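Structural description and commentary
Chain by chain, the residues:
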Amino acid sequence: MLDVTPQSYTRADEAFDCLQTAIVKGDLAPGEKIGEVELCSRFNLTRGPLREALGRLESRGLLVRRPHAGVKVVSVSAEELMELYRIREVMEGLAARQAAERMTEAEIADLYATLDSHETMIEEAQGQAYYQAEGDYDFHHRIATGSRNTKLAQMLLGDLYYMVRMYRYRLSTSAGRPHMALGEHRSIVEAIAQRDGELAEFLMKRHINAARKNIEKKIQEGGLTI
C-alpha cells in the first residue's frame, strides 16, 4: 500500500498501482510482452505517467527489459519458484519467531484486526480469492516488519516480496485455499500473541510449505502455468 496522501497521489502513482495489481492478479501474465500503446488503451492511461510507472515496476523486478525484445512481465521457472518458496519457509519462519518475541501488544491487536478485514474480503469474494494489498494490509509484510530484524526484513520485502506476491494470489484462488490460508494465519498470530516463538516459527514454516506443495500440485495438474 502506497504511503501517500490523497493530495500527493499522482497519475503516475495511479498507473503504478493499476499495473502492479494487474501483474499480481495475472491480468498481465508472467512472460507477457507489453507495449505502451496497448497499455494506455487497455488501462486508460496516458504516456507520461505510464512510462514512470513502468520504470518503477522494472526497479521492483516485476518487469524485465531485453535489447531488441522490449518489455515483459517477469517470469520464473517452476524450479526457481519452488526454490523461492523454500527460501521463504526458512526466512519467514525466523521472522515469525522474532515477531513473537518483539511485536508490541498494539501491533498484535492490529494484526488481529487485519485478519478480520481479510475475512470480510474473502467472504465478499465468496471464498474464491484471498488478495492482500501490499504493505501493512499484507499479513506476511506485517510479520517481517514486526520481527524488528532489519536485515531479514530487507531480504523478505525486497525483490523476493514482489515476485512472490504474483504467485501467492494465483495460488489463493484454489478451491478452499482462501479460508484455509486465513485459518493458518490466525493460528500463527495466536502463537505470536502467546509469545511462543518456537510454535510461531513452526506454524509459519508449515504454512509456506503447504503453499509450496499446493503450487507443485497445480503445476503438475496443469492448473498453474509458469
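Residues numbered from 1 in each chain as written. Predicted model: local features only at pLDDT ≥ 70, side-chain atom pairs only at ≥ 80, totals over all residues. Heavy atoms only, no water.

The chain is annotated in an unreviewed UniProt entry as GntR family transcriptional regulator of Marinobacter profundi.

**Considering the packing of helix 6 (residues 139-146) against helix 9 (residues 177-193)**
A pair of packed helices is captured by two measures, namely the crossing angle of their axes and the spacing between those axes. Note the following rule: Only the stretch in contact is used when fitting a helix axis, every axis being a line fitted to C-alpha atoms; angles between N-to-C directions are given from 0 to 180 degrees. By the criteria applied, helices consist of DSSP H or I runs no shorter than four residues and strands consist of E runs no shorter than two, each listed in order from the N terminus. Note on angle classes: values under 35 degrees are labelled roughly parallel, values over 145 roughly antiparallel, values of 65 to 115 roughly perpendicular, and the remainder oblique. A clockwise turn of the near helix away from the far one marks a right-handed crossing, whereas an anticlockwise turn of less than a right angle marks a left-handed crossing. Should any heavy atoms of two residues lie within 4.5 Å, those residues are counted as being in contact. Each residue is assigned to one class: nonpolar for Ala, Val, Leu, Ile, Met, Phe, Trp, Tyr, Cys and Pro, charged for Asp, Glu, Lys and Arg, and polar for all the others, Gly among them.
Contact pair helix 6 / helix 9: the axes reach a minimum separation of 12 Å and the direction vectors enclose 20°. When the axes of helix 6 and helix 9 are compared, the pair comes out roughly parallel. The element helix 6 and its partner helix 9 pack so that their crossing is left-handed. Judged by residue contacts, F139, H140 and I143 of helix 6 engage H185, I188, V189 and I192 from helix 9. Along the lines of polarity and charge, the residues of the contact of helix 6 with helix 9 split into five nonpolar, two polar and no charged.

**Considering the sheet that holds strand 3 (residues 70-73)**
Stated precisely, the cut-off is as follows: Here, a strand pair is defined by DSSP locating no fewer than two bridges between the strands.
In space, the three strands of this open sheet follow the order 1-3-2, with antiparallel pairing throughout. Taken across any chain shown, the strands that pair with only one partner, and hence form the sheet edges, are strand 1 (33-34) and strand 2 (63-66). Summarising the sheet, strand 2 and strand 3 pair through four bridges and their orientation is antiparallel. Looking across to strand 3, one finds that R66 is bridged to G70.

**Digging into empty space enclosed by the protein**
For the record, the criterion: In this analysis the probe radius is 1.4 Å and the grid spacing 1 Å, with only protein atoms considered; a cavity is a set of points the probe fits into but cannot get out of, a pocket is an open set with protein on both sides within 12 Å along at least five of seven lines, and lining residues have an atom within 4 Å of a point. Grid points are joined across faces, edges and corners, and a volume is the space filled by probe spheres set on the points.
Per the counting criterion, the structure on display carries two cavities of 30 Å³ or more. As a volume, the second largest cavity reaches approximately 80 Å³. The wall of the second largest cavity is formed by R88, E92, H140, H141, A144, L156, L157, L160, Y161, V164 and R168. Elements with a contribution of two residues or more to the lining of the second largest cavity: helix 4 (78-102), helix 6 and helix 8 (159-172). Broken down by element, the lining of the second largest cavity gets its largest block of residues, four residues, from helix 8.

**Quick look at the packing of aromatic side chains**
Formally: Between 30 and 60 degrees the pair is tilted, below 30 it is stacked and above 60 it is edge-to-face, where a pair is any two Phe, Tyr or Trp rings, Trp via its six-membered ring, whose centres lie within 6.5 Å. Only protein chains enter the accessibility calculation, which uses a 1.4 Å probe. A residue is then buried if its area is under 20% of the maximum for its type, exposed if over 50%, and partly exposed in between. Sitting over a ring, as applied to charges here, requires NZ of Lys or CZ of Arg to be within 6 Å of the ring centre and within 35 degrees of the ring normal.
One pass over the structure, following the stated rule, counts one aromatic pair. Aromatic side chains Y161 and Y162 sit 5.1 Å apart centroid to centroid with 75° between the ring planes, which places their arrangement in the edge-to-face category. Like Y161, the residue Y162 is buried in the burial classification. Directly above the aromatic system of F16 lies the positively charged group of R56, at a separation of 4.2 Å from the ring centroid.

**Topic: the side chain of T114**
Position of T114 relative to the elements: it lies in helix 5 (residues 105-124). By relative accessible area, T114 is classed as buried at 7%. Setting aside residues no more than four positions away along its own chain, T114 makes contact with D136, Y137 and R142.

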